[in-house]
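# Summary of the model geometry
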Amino acid sequence: MKKLFVTILMLAFFALPGAAWAANAPVYLEGERVATALERGGSTYLPLRTMFETVGAQVEWNEAEQQITATFADGGVLTMNMDDHYARSEYDYKMGDQEYGNPDSPYMEQLPFISRGTCYVPLRFVTESVLGYDVDWRGGAVYITQPRLEYTQGEDKYILNMATGELWLNGNLITDKAKVPGYAGYHAQHISNFTVRRTSAGSYLLEGEGTSLGFMIWDLHWSCWISADGSAGLSDCQTSQVGYRLPGIVYCEGQVWLNGYSHNFLIDEASGQVSQVDTRAWERQVTNDEYASGDIRWTDGQRILLGDASGYVLYDMQSQSGQDILPLLLTDEVKAEAAAFLQANSYLQMDNMEEFYWRRLGSLENPSPKLDFVGAENGRLNFELNCAYYSNDGGIQYQAFPVSLALQ
């Protein structure tokens, strides 16, 4: 059995809009025929248990509750009731060394049904809404493919199979360790803007942006390090509701810093050693802020920039001491320039800027300012002060003010 079956957990199907559906349509997964569709009432379905058992997943049927419970190979659980359009999903996925639950209640337009002792489930709901796979109808057959991301740089073309974690370069398999959390069972993440970088040691640095689904929708940044020979990998995500620029991978010659969900990681390229680093403690040491993010933004190997849209610390890893650089960035002159613009362009006059605006720096409140790190160049750390305001013609607008800090 091909490896693709390891991560595929279940299949079911209902009619595509505008398609001329027929009974007994063959269904192909990655080009291999896996089932035959059943047409009923203008919609098409596949037998649930057959597909689960084919891919090694477990299915339980509760006769009293008329309930199907599907347990994915990676620990996720999907529950469906025969008379309820809302399924219930719980995908307990691992990021770093922490496990997280991601509950959701996805909606099924078509209900499951039982015919002659066999349970049938709508395929598009499962493949697209649950697994994140792609479905196509061609020549009287259904074709299902696993989700892929592509990135081209010069003559190099990378293809990432999000369901299997396989990364391909110009048709050659590099690794199967490029895992995207949430794509092995209930696909809790949507990833786009996929990029690949190479380090001087040959490692692969993969990143993508998107959203994380569940009880709430969060902005997401996915980061993944793959060793030069493809034998080792580390993958993690950052999520936020605030909407500021999420950090990803920070690279300094021979060292890869990866921002994770609950931990940040340092990867030594020469040895391949992966270490967890409590950068939050470094930031708290300077600011005394128990909610310090510890997000890694930049490093030169000795100094490291930590923080988020609400403030930053420049920390010296050798002396184990740091400096809060927010006062050096958000100076009285910068505040005055921003205040003058806001007073002239906002229909809400803010008489006490310190109390009612600047204290909201990096918060979810509206309107609020955010301080975004945009990069280092020519011995300076560059930022943008993005000020949100209610414009005179209505709605929230943003105005950016560039600020920078010279490195000593």
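Since we're looking at a predicted model, the values are computed, not measured. (Residues numbered from 1 in each chain as written. Predicted model: local features only at pLDDT ≥ 70, side-chain atom pairs only at ≥ 80, totals over all residues. Heavy atoms only, no water.)

### A few points about the pairing of strand S16 (residues 148–153)
Where S16 lies against strand S17 (residues 156–161), six bridges are found, and the strand directions are antiparallel. Within S17, the position partnered with Arg 148 by the bridge is Asn 161. With antiparallel pairing between neighbouring strands as the criterion, S16 and S17 make up a hairpin whose turn holds two residues, including Gly 154 at a positive phi of roughly 65 degrees. (Pairing = 2+ DSSP bridges. Helix = DSSP H or I, 4+ residues; strand = E, 2+ residues; numbered from the N terminus.)

### Overview of the packing of aromatic side chains
Tallying each qualifying case throughout the model produces 14 aromatic pairs. Between the aromatic rings of Tyr 28 and Tyr 143, the centroid separation amounts to 5.2 Å while the plane-to-plane angle is 15 degrees, which identifies the pairing as stacked. Here Tyr 28, found in strand S1 (residues 26–29), pairs with Tyr 143, found in strand S15 (residues 141–145); they are 115 residues apart in sequence, far enough to count as distant. The partly exposed category is assigned to Tyr 28, whose relative accessible area is 22%. The aromatic ring of Tyr 204 is capped on one face by Arg 198, whose charged end is 3.9 Å from the ring centroid. (Phe/Tyr/Trp six-rings, centres within 6.5 Å; stacked < 30°, edge-to-face > 60°. Buried < 20%, exposed > 50% of the residue type's maximum accessible area, 1.4 Å probe, protein only. Lys NZ or Arg CZ within 6 Å of the ring centre and 35° of its normal.)

### Remarks on the pattern of salt bridges
Per the counting criterion, the structure on display carries 10 salt bridges. A salt bridge links Asp 84 to Arg 88; its shortest N-O distance comes to 3.6 Å. According to the relative accessible area criterion, Arg 88 is partly exposed, its value standing at 34%. In this structure, the salt-bridge partner of Glu 384 is Arg 245, at a minimum N-O distance of 3.4 Å. Taken as a pair, Glu 384 in strand S33 (residues 380–390) and Arg 245 in the loop between strand S23 (233–240) and strand S24 (249–252) lie far apart in primary sequence, 139 residues in all. Look at Glu 384 and you get partly exposed, because its relative accessible area is 25%. When salt bridges that share partners are traced, they join Arg 359, Arg 360 and Glu 365 into one network. (Salt bridge = Lys/Arg side-chain N within 4 Å of Asp/Glu carboxyl O.)

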